[in-house]
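Coordinate inspection notes
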Amino acid sequence: MTIINLRDYYPFYTSDCFIEVTDDVAEMFKEFDRKEAAYRLRTYRHKAYYSIDRDDGIEHEALFVALSPCELYERKVTMQELHAAIVSLPDKQAKRIYAHFILGMSKTDIARAEGVSKMAVCYSIERGH
């Protein structure tokens, strides 16, 4: 076991806070510090300590392509149709489809939350899909 000061690793600590951690955790902290120092050194050597973004939006525009009004309208209509289709389903089936496709829950998690078998959830989703 190793004693570390959280103030060394987390900037929001304003006073010393010592805790005892396993040697594996202490080694991970040291490895992170070494990698961070190596990154700073590479950045300094290659003069890569600048950003293209000059607050005029050039970097944002390069990364995030603006959608055309037609594409925005198509998305809106598609979402309205999707919600209308989900609402037209039976309540239990609609909840399962929403949880799986919109919230990203696995079928196993849905089955566990509802207290039913996974096959019941799979069958329900396939019927509504």
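Everything quoted here is computed from the prediction, not taken from an experiment. (Residues numbered from 1 in each chain as written. Predicted model: local features only at pLDDT ≥ 70, side-chain atom pairs only at ≥ 80, totals over all residues. Heavy atoms only, no water.)

**So, helix α5 (residues 91-102)**
For clarity, the cut-off: Runs of E in the DSSP output that reach at least two residues are strands. Runs of H or I that reach at least four are helices, and both are numbered from the N terminus. By this rule the span expected of a helix is its residue count minus one, scaled by 1.5 Å. The buried label goes to any residue with under 20% of its type's maximum accessible area, the exposed label to any with over 50%, and the partly exposed label to all in between, with areas taken from a 1.4 Å probe on protein chains only. In this analysis, two residues are considered to be in contact whenever any of their non-hydrogen atoms come within 4.5 Å of each other.
A rise of 1.5 Å per residue sets the reference length of α5, with its twelve residues, at 16 Å; its end C-alpha atoms lie 16 Å apart and thus fit the reference within 8%. Taken together, the buried positions of α5 are occupied by Gln93, Ala94, Arg96, Ile97 and Ala99. In this structure, the buried residues of α5 make contact with α4 (69-88), α6 (107-114) and α7 (118-128). With its phi angle positive at about 80°, Gly104 sits one or two positions after the end of α5.

**Some remarks on α6**
Definition in use: As used here, the arc is the angular range of directions from the helix axis to the C-beta atoms.
For α6, the full list of buried residues reads Lys107, Ile110 and Ala111. Down the axis of α6, the buried side of the element spans an arc of 100°, and every buried residue falls inside it. Facing away from the buried side of α6 by over 90 degrees, the exposed positions are Arg112 and Ala113. Structurally, α6 contributes buried residues whose contacts are with α5 and α7.

**Considering the confidence of the model for the chain**
What counts here: Per residue, pLDDT captures the predictor's confidence, and it can take any value from 0 to 100.
Of the residues in the chain, 86% reach a pLDDT of 70 or more, and the chain-wide mean stands at 83. Mean pLDDT across the elements of the chain bottoms out in helix α3 (residues 58-63) (63) and peaks in α6 (91).

**Details of the nonpolar core**
Selection rule: The definition of a nonpolar core used throughout is a set of buried Ala, Val, Leu, Ile, Met, Phe, Trp, Tyr and Cys residues joined through side-chain atoms within 4.5 Å.
Residues Ile97, Ala99, Ile110, Ala111, Val121 and Ile125 constitute the largest nonpolar core, which totals six residues. Listing elements by their share of this core, those giving two or more residues are α5, α6 and α7. Once residues within four sequence positions are removed from consideration, Ala111 is found in contact with Val116, Ser117, Lys118 and Val121. Among the nonpolar cores identified, the runner-up in size contains five residues, and Leu6, Val21, Ala26 and Phe29 belong to it.

**Quick word on the packing of α5 against α7**
Relative orientation and spacing of two packed helices are given, respectively, by the angle between their axes and the distance between those axes. Operational definition: Between N-to-C directions, angles span 0 to 180 degrees; the directions come from axes that are lines fitted to C-alpha atoms, helices contributing only their stretch in contact. When describing relative orientation, an angle under 35 degrees is termed roughly parallel and one over 145 degrees roughly antiparallel, while 65 to 115 degrees is termed roughly perpendicular and anything else oblique. Following the grouping adopted for this structure description, the nonpolar residues are Ala, Val, Leu, Ile, Met, Phe, Trp, Tyr, Cys and Pro, the charged ones are Asp, Glu, Lys and Arg, and the polar ones are all others, Gly among them.
Two numbers describe how α5 lies on α7: the axes approach to 9 Å, and their chain directions differ by 95°. Between α5 and α7, the crossing angle belongs to the class labelled roughly perpendicular. Residues Gln93, Arg96, Ile97, His100 and Phe101 of α5 form the contact with α7, whose participating residues are Ala120, Val121, Ser124, Ile125, Arg127 and Gly128. Its residues assigned to classes, the contact of α5 with α7 comprises five nonpolar, four polar and two charged.

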